[in-house]
Each structure stands twice: as C-alpha cells, then as structure tokens.
Amino acid sequence: MASKPPKPALVPGRAARFPASLDGLQGGRAGPPQAQLLRPQRHLHEAARDAARATPPRGLGLDSAPVRLALVQRLRADGVRCEPVLQAMARVPRHEFVDSALVAQAYEDTSLPIGLQQTISKPSVVARMIEWLYLGEGARSRGHLGRVLEIGTGCGYQAAVLAHLATHVVSVERLEPLHRLAAHHLARLEVPRCRLVHADGMRGHAPHAPYDTIIAAAGGDDLPPAWLDQLAVGGRLVAPARHPDGRGQILVIVDRTAEGLRRQLGEAVQFVPLKSGTC
Ligand code: SAH
C-alpha cells in the first residue's frame, strides 16, 4: 500500500523485537487447512492459543498472540467474516516482517515502510483481498486457495498468510533486495509451501501456471494479459487497477469460468505502482 513514511534500514538478519515472545510459523504442516466459511468465533481463539503454544516464549515481556488476536477481532468487527482468513491472520507474526524500529506499530491497521519506497500492506486490505479470493467458487468448493500466484512479495508477510490457505504459493518480486529480505523472513519462520521468484511479475510466472488464485499487491492501469492467461478455469484473481473513472485505484476481481472471464469491481484501494523490469 502506498504511503510516505521514512525509509528503514534493510538489514536481513536483524531480529525484530516485540514486547512479546516470538511465535513463529511452524514448518511441515501437511496441506491446506480444511477451511469452512463463517465458522464460529471460538475457532479464532483456538488458533491464537495454538499459535501461542506453538513456540516456547523467547525474549522478554508478554506474548504477541493476544495482540494479533485483538487485531483480528478488529478486522472481524470491520466486516471480515471469512473464518479461515481470520485464522491465518491470527497465526502470522506481522512484527517479524517489519524493521525493529516499527515493531510497536506492527499490529495497527496501517501500512508500514519496508524500504525502497515500498510498504507492507494494511492488515485490513490483506484480509479483505484474501477474503475476496476465498469467496470465489473454486475456493469455496475446494475449501482452500489451491495453487496461488502472488505478484509483489515485498517483505513476505502476505505470502506467509497465503501459505496457510494454499497448496502452494509462488510469489514474484521485481526488487532483488526485497526478494532476499522476504526469503530471509519466510525461512526464519519456517513458512512452508512458498516459492519466491525474483522476476518481473507483470509476466506472471509461466513455469508453474495455471493458478487457482492470483493476487497482486501493486497496481497498474489495467491487468497484465499474462495474469489472465495464467488463471485456471474455476480460478479467481484479485488485483488493484486504475479506477474506471481515472481517479485512484480499485480492486478488480476476475473469475475464469468454462465460458470465459467474468469481471467485477471491489472497493477503492491505494497500492504502490506496478512497474515492469527487475532491479
Ligand atoms: N505483499 C506485500 C506488499 C508488498 S508492496 C505485503 O505482504 O505487504 C508491493 C510490492 O510489489 C513491492 O515490493 C514492489 O516492488 C512489487 N512490485 C511492483 N511491480 C512489480 C512487478 N512487476 N513484479 C513483481 N513485483 C512488483
């Protein structure tokens, strides 16, 4: 998401400090969760409790799981209803993806700088976009997002959330320092089922196509044709693009059915620009 905050140092290997124990994602979870929509709230508490138990406390202070749970409860109050998405958000320690100077803001609903003029997306936008994906016919019948392509890895936060909901995630980033930073974050947290690619995501990523789910974290004038070409039948794409009235950006949701492409518009958003080429 776009913002104009100060630029933090990009130092792979620095430990984010949170007044909390740092509960990482545990590797080796087999397959995507058997998701259901609109499950009772109790499951969210269970997810947070499990996350808290998953790793022994490290460092000083309180556990971060309750802070994440509070964020997730705010997302729920703001209208996110898809229980698997809320559970995945409850599991991923967002403070591990931001610079140590910004850790105190990690569970606010705000975008934060990750260096190179890029930002980690607002949690509410991450949740809402993944909810759109989940509400697609394919994901509903399957119970998970299947094969996912993410354009714009950034620091890897959204890829980690997606990994809880997918059979696998291919995430493409054009800026090599961010690609490497994300790889560091995901390895440290042992996030499973994620393949990071340093490339121009405007071309999608043909070697692993087609995808059941495509999500972009950067917006251009319109959707690159490669994304639509690489969307499987029954698949759904969610991406920001220029608003039809020319002012700002809006989420575009595309479903590929046996008959062809079906397009609808979602809410207004504000993402960093989709750029071509790699650096
Ligand atoms: N997914 C991130 C958000 C990253 S911000 C999160 O979890 O919060 C958007 C990212 O898209 C930036 O890192 C930017 O470099 C990247 N980006 C922009 N154009 C791109 C392109 N053509 N291919 C791949 N990545 C691109």
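One can find the structure itself at the top, above this paragraph.
A. The arrangement of the overall build of the protein in detail. The number of helices and strands found in the protein is eight helices and eleven strands. Expressed as a percentage of contacts within the protein between residues at least 6 apart in sequence, the contacts between residues at least 24 apart total 64%. As displayed, the protein has an accessible area near 11900 Å², and 53% of this comes from carbon and sulfur atoms.

B. Structural detail: the pairing of strand E10 (residues 260–269). As paired strands, strand E9 (residues 249–257) and E10 are joined by eight bridges and run antiparallel to one another. Residue pairing for E10: Gln-249 is matched across the bridge by Val-269. Where E9 folds back on E10, the antiparallel hairpin that results is connected by two residues.

C. Here's a closer look at the packing of helix H3 (residues 83–91) against helix H4 (residues 123–134). Where H3 contacts H4, the axes come no closer than 9 Å and their chain directions differ by 145°. For the element pair H3 and H4, the recorded crossing hand is right-handed. Taken together, the residues of H4 that come into contact with H3 (itself represented by Pro-84, Val-85 and Met-89) are Pro-123, Val-126, Ala-127, Ile-130, Glu-131 and Tyr-134. Partitioned by chemical class, the residues of the contact of H3 with H4 number eight nonpolar, no polar and one charged.

D. Quick look at the site of the ligand. Taken together, 26 residues sit near the ligand, with Ser-121, Gln-158, Glu-173, Gly-201 and Lys-275 positioned nearest. Within the backbone of Arg-174, one N or O atom sits 3.3 Å away from a nitrogen atom of the ligand. Contact distances for the ligand include 2.5 Å between a nitrogen atom and a backbone N or O atom of Lys-275. Coverage of the ligand by the protein amounts to 100% of the 580 Å² it exposes when considered alone. Of all elements in the fold, only strand E2 (118–120), strand E3 (147–151), helix H6 (157–163), strand E4 (168–173) and strand E11 (272–273) reach the threshold of two or more residues within the shell around the ligand. In terms of residues, the shell around the ligand owes the most to one element, E2, which gives three residues.

E. Region of the structure containing the nonpolar core. Ranked by internal contacts, the top residues of the largest apolar core, which has 56 residues, are Val-85, Met-89, Phe-97, Ile-120, Ile-130, Leu-145 and Tyr-157. Those elements giving two or more residues to this core turn out to be helix H2 (65–77), H3, strand E1 (112–115), H4, H6, helix H7 (176–188) and E9. Among the elements that line this core, the one with the most residues is H4, at eight residues. Discounting chain neighbours no more than four positions away, the residues touching Tyr-157 are Met-89, Val-92, Arg-94, Phe-97, Ile-120 and Val-126. Counting residues in hydrophobic clusters, the runner-up holds 20 residues, among them Ala-216, Leu-223, Val-254 and Val-272.

Conventions adopted
- Residues numbered from 1 in each chain as written.
- Predicted model: local features only at pLDDT ≥ 70, side-chain atom pairs only at ≥ 80, totals over all residues.
- Heavy atoms only, no water.
- Helix = DSSP H or I, 4+ residues; strand = E, 2+ residues; numbered from the N terminus.
- Contact = heavy atoms within 4.5 Å.
- Areas by Shrake-Rupley, 256 points an atom, 1.4 Å probe, with all protein chains shown as cover.
- Pairing = 2+ DSSP bridges.
- Axes fitted to C-alpha atoms, helices over the stretch in contact; angles between N-to-C directions.
- Left-handed = near helix turned anticlockwise from the far one by under 90°.
- Nonpolar A, V, L, I, M, F, W, Y, C, P; charged D, E, K, R; others polar.
- Near = heavy atom within 4 Å.
- Polar contact = N/O pair within 3.5 Å; in protein donor to acceptor, adjacent residues only side chain to side chain.
- Core = buried A, V, L, I, M, F, W, Y, C linked by side-chain atoms within 4.5 Å.
- Buried < 20%, exposed > 50% of the residue type's maximum accessible area, 1.4 Å probe, protein only.

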